[in-house]
Each structure stands twice: as structure tokens, then as C-alpha cells.
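The lines below spell out each chain.
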Amino acid sequence: MNKLIGKAVFCSAAAAAATMMGAAWAHQEGRMTGGGSFVCSDPGQQKVTHGFELHCKGDPPATLAEPNNLEINFSGGDNFHLTTLTKAVCTDTDAIQQPPSANFDTFDGAGSGTFNGQPAEVTFTFTDGGEPGTKDTALVLIKLTGTGQTVLTCNTAPLTFGNHQAHQVTGSNQ
């Protein structure tokens, strides 16, 4: 693979973001913050680190609150940087038994940005499984724009370090 685009990392054979295609807006209002690391299981126990602050607003015609930041690092130097959040769907998932303090626990999102300086697209699902973060999970798919080449796919992985935190709406910027 071309050195400029980094090493492809396949952490699951599942199509990680098949259910996250298309534009959509939040079912609940709020924001999710957090980060840390998780390990993709295939191949070779790939460590991925991430950090974010992402916002959901109400159903259309609402606009996305800002800031919306997401950084994902892996492969000893590869980096994705979100520039535009295009999807923000926040929901309360029945499977998560320990609810967070907000009215949702799952953030499904998509957006565009750069992967090692090249245009790229991301789809992701972050969950807040309660405190202290040991039941939080991350699902991530990053593809190069135009070619569709997958550079990272990691099916629902538990955090090995860190925390995702769902927050209720608290003001004009949530």
C-alpha cells in the first residue's frame, strides 16, 4: 500500500457502517465527549486511540451544534481528523443496562475530514455504558474519498482505556 496513505487496518470482517449511510439527525439532544484507546482484534491486535466532542440537536430542520471534533490515531502514525460532521443520531439503546446521566447512550455519526492529509470519510458509533467507562465501546470505519479504499475498520470494540460520556443539553451550545 502507498506509504502516503498509511497501512490498512482491518479489525473485523463486518461492514461496520452499513447502517450508518445517508444523512440523518439526532433523535435526542445532547453531546458526547471522551476518548481513550481500544484494540481491534484482527489482524495483530491493532491499538487505536481517539478523542472527541460531538453534538446532537433535535429532529430536522435543526442544525448541528458545534464544536464537533474527532481525532483517531493508529498504525504508529496514521491520523484521521474530522472537519465536517454530516450525521449525528443520538439514541437510548435498550441493550445498555447502566444508563448515563443524559437521555441517550449511543452516538451514531458520519463525516468528512482528512486521513494523513488526504480527503477521507468516517462513520462511527460510540457508546456510553456508564461509569467508569469499562463498558463503553467504539465502532469506526474510515475510507479515502473518491477511491473508497478502507484504511480502518474496527467493529464494536470495548475501550481498554478512557471513557465516553453522554451529556444532557445544558445551554445554547449543549
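Everything in this summary refers to the structure shown in the same document. What you see is a predicted model; the values in this text were computed from it and never measured. (Residues numbered from 1 in each chain as written. Predicted model: local features only at pLDDT ≥ 70, side-chain atom pairs only at ≥ 80, totals over all residues. Heavy atoms only, no water.)

## A look at the state of the cysteines
Inference 1: This model, assessed by the stated rule, comprises two disulfides.
Inference 2: In this model, Cys40 is linked to Cys154 through a disulfide, with the two sulfur atoms separated by 2.3 Å. Here the S-S torsion is close to -130°, and the disulfide linking Cys40 with Cys154 is therefore left-handed. Placement of Cys40 in strand 2 (residues 30-40) and of Cys154 in strand 9 (residues 150-167) is noted, with a sequence separation of 114 residues between them.
Inference 3: A relative accessible area of 1% places Cys154 in the buried class.
Inference 4: One disulfide in the model links Cys56 with Cys90; its S-S distance is 1.8 Å. Residues Cys56 and Cys90 are joined through a disulfide that is right-handed, its torsion about the S-S bond being 60°. (Disulfide = S-S within 2.5 Å. Helix = DSSP H or I, 4+ residues; strand = E, 2+ residues; numbered from the N terminus. Buried < 20%, exposed > 50% of the residue type's maximum accessible area, 1.4 Å probe, protein only.)

## Focus: the packing of aromatic side chains
Inference 1: For the structure on display, the rule yields four aromatic pairs.
Inference 2: Both rings, one in Phe52 and one in Phe126, keep their centres 4.5 Å apart while their planes meet at 10°; by these two values the pair is stacked. In this pair, Phe52 is assigned in strand 3 (residues 46-56) and Phe126 in strand 7 (residues 118-127), connecting sequence segments 74 residues apart.
Inference 3: On the basis of relative accessibility, which here comes to 0%, the residue Phe126 falls in the buried class.
Inference 4: Judged by centre distance (5.9 Å) and plane angle (15°), the ring pair of Phe107 and Phe124 falls under stacked. Taken together, the positions of Phe107 in strand 6 (residues 106-115) and Phe124 in strand 7 put the pair 17 residues apart, joining distant regions of the chain. Here the two residues Phe107 and Phe124 agree in accessibility, since each one is buried.
Inference 5: Ring pairing ties together the aromatic residues Phe52, Phe107, Phe124 and Phe126, which thus form one cluster. (Phe/Tyr/Trp six-rings, centres within 6.5 Å; stacked < 30°, edge-to-face > 60°.)

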